[in-house]
Amino acid sequence: MRFLHTSDWHLGRRFHEADLIDAQRAFLTHLYDTAREKHVDAILVAGDIYDRAIPSLDAVRLFDSALTQLAELHIPIIMISGNHDSAHRLGVGASVLARAGVHLQTDPDTACTRPVLLDDDHGTIAVYGIPYLEPSLTHEDLDTDKSHQAVTAAAMDRIRADLAAYPPHTRSVVIAHAFVAGGEPSTSERDITVGGLDYVAAGTFHDIDYVALGHLHGAQDVNDRIHYSGSPLAYSFSEAHHTKTLTIVDMAADGTVALSHVPTPVPRPLARLKGTLKDLLTDPAHEPLTGSWLQVTLTDPALPYEPMAQLRRRFPHVLSLVPPSPGQLKQPGEHSTYTQRLQGRNDLDIACDFVTKVRGDAPTPAEHALLRQAVEHAQHTAHEETV
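Residues numbered from 1 in each chain as written. Predicted model: local features only at pLDDT ≥ 70, side-chain atom pairs only at ≥ 80, totals over all residues. Heavy atoms only, no water.

**A closer look at the packing of aromatic side chains**
For the structure shown, the criterion picks out five aromatic pairs. Between the aromatic rings of Phe15 and Phe237, the centroid separation amounts to 5.0 Å while the plane-to-plane angle is 55°, which identifies the pairing as tilted. On the criterion of sequence distance, the pair formed by Phe15 in strand E2 (residues 14-15) and Phe237 in the loop between strand E14 (226-228) and strand E15 (245-251) is long-range, its members being 222 residues apart. For the pair Tyr50 and Phe63, a centre-to-centre distance of 5.4 Å together with 65° between the ring planes defines the contact as edge-to-face. Within this pair, whereas Tyr50 is found in the loop between strand E4 (42-46) and helix H2 (57-71), its partner Phe63 is found in helix H2, the two being separated by 13 residues in sequence. Judged by relative accessible area, Phe63 falls into the buried class, the value being 8%. In this structure an aromatic cluster arises from ring pairing among Phe15, Phe237 and Trp293. (Phe/Tyr/Trp six-rings, centres within 6.5 Å; stacked < 30°, edge-to-face > 60°. Helix = DSSP H or I, 4+ residues; strand = E, 2+ residues; numbered from the N terminus. Buried < 20%, exposed > 50% of the residue type's maximum accessible area, 1.4 Å probe, protein only.)

**Re the pattern of salt bridges**
Tallied over the entire structure, the rule returns 11 salt bridges. The shortest N-O distance in the salt bridge between Asp120 and Arg171 comes to 2.6 Å. Of this pair, Asp120 sits in strand E7 (residues 116-120) while Arg171 sits in strand E9 (residues 171-177), placing them 51 residues apart in sequence. With a relative accessible area of 2%, Arg171 lands in the buried category. Here the residues in one salt-bridge network are Asp33, Arg36 and Glu37, joined through shared partners. (Salt bridge = Lys/Arg side-chain N within 4 Å of Asp/Glu carboxyl O.)

**Some details on the pairing of strand E8 (residues 123-130)**
Judged by how many residues are buried, E8 sits mostly within the fold: six of eight residues are covered. Of the strand pairs in this sheet, E7 and E8 are connected by five bridges, and their pairing is antiparallel. Considered in E8, the bridge of Asp120 is made with Gly123. (Pairing = 2+ DSSP bridges.)

**A closer look at helix H7 (residues 148-163)**
When the terminal C-alpha atoms of H7 are compared, their 22 Å separation across 16 residues agrees well with the 22 Å that a helix rising 1.5 Å per residue should span. Of the residues making up H7, those classed as buried are His148, Ala150, Val151, Thr152, Ala154, Ala155, Met156, Ile159, Arg160, Asp162 and Leu163. Among the structural elements, E8, helix H6 (135-138), E9 and strand E11 (199-200) are those in contact with the buried residues of H7. (Expected span 1.5 Å × (residues − 1). Contact = heavy atoms within 4.5 Å.)

**Some thoughts on unusual backbone geometry**
With phi around 55°, His39 is a residue other than glycine that occupies positive phi space. With respect to the helices and strands, the residue His39 is situated in the loop between helix H1 (21-37) and E4. Residue classification places His39 among the exposed positions, given a relative accessible area of 63%. Phi is positive for His74, close to 60°, though the residue is something other than glycine. Overall, His74 belongs to the exposed group, its relative accessible area being 73%.

**What to know about the nonpolar core**
In this structure, Trp9, Leu11, Ile43, Phe63 and Met79 are the most contacted members of the largest nonpolar core, which totals 30 residues. Residue assignment for this core shows that the elements contributing at least two residues are H1, E4, H2, strand E5 (77-80), strand E6 (102-105) and E15. With 26 residues, the next largest nonpolar core counts Leu133, Ala202, Phe205 and Leu213 among its residues. (Core = buried A, V, L, I, M, F, W, Y, C linked by side-chain atoms within 4.5 Å.)

Remember, this is a structural readout, not a statement about activity or role.
Following this line, the structure appears as structure tokens:
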């Protein structure tokens, strides 16, 4: 059996000020072409189909056209909801779409006990989905503690109990959206620490032949049977070193898997530059980067006049400017913009920075814990309002 594993499409997302909808459309066409040319038997999509719970009209139209095109392959498409998706909205029409071979596994009550069954010359493969489980919203239904580890383990217990009812040697696949211990994150994944422990132990997925993961944007192996496909496009400059791919999974009769990777289209290469404004504008070594999306970090002792405008005369695709750090600036009246001060920081970092700026020293460990609790409560409230 041959699977195509992908995840984290984030339809509708922008890369700083750059609109990515055309790049996402090109990726989905590439996905279709790859599935057809590689004679794939099923497509596994491990969550974060959309970038937000209420997606833009352009994103919805793109998703609709992608499903229509992929359905022409007449192979099963099995997808789960991620932490960026609204499970309820994504799951609308799931029973009708299943008749066309598009299986939207967004409800943990059914996804963990009603696998999609696929057959090849060697028997049956049961494909289960674990849609993103927000611990504070799902731990009571799963009768467990309020942590990512606990709710995922409870879902896996249900899957193994259901799998035990099938004939011996039935092979198994689990699609999940989680931060599994051993994975390397980037800055473009939304924090999923709300409710407690953010990591899920790799051992939670024991006795499963292949685990198709989503959430982390870099393609990587947790072990020889647990794999992140990564996002098809870069969504932050921390992903500049990534090679974006689709994962082809060949499963043998005994359940062992062999993985190969197909690169995805790159709309524009990413690069990071660091130096003084004068050097960046004059050094001929930077000439090959004039066509790249750039993040530029300035090291001048004072903030130059209109640095972005000057940079874009040579580098028209500069998207991010990191000004000199406050300690470098000679003129205390010079300040970065609010957007620049937030660059690369999560909500907890911003709260801690505020305390440090106002009071003059960093929060104590006890204060840090209180700030984290407040941020988690706010994130939880915002998540409830969008699902």
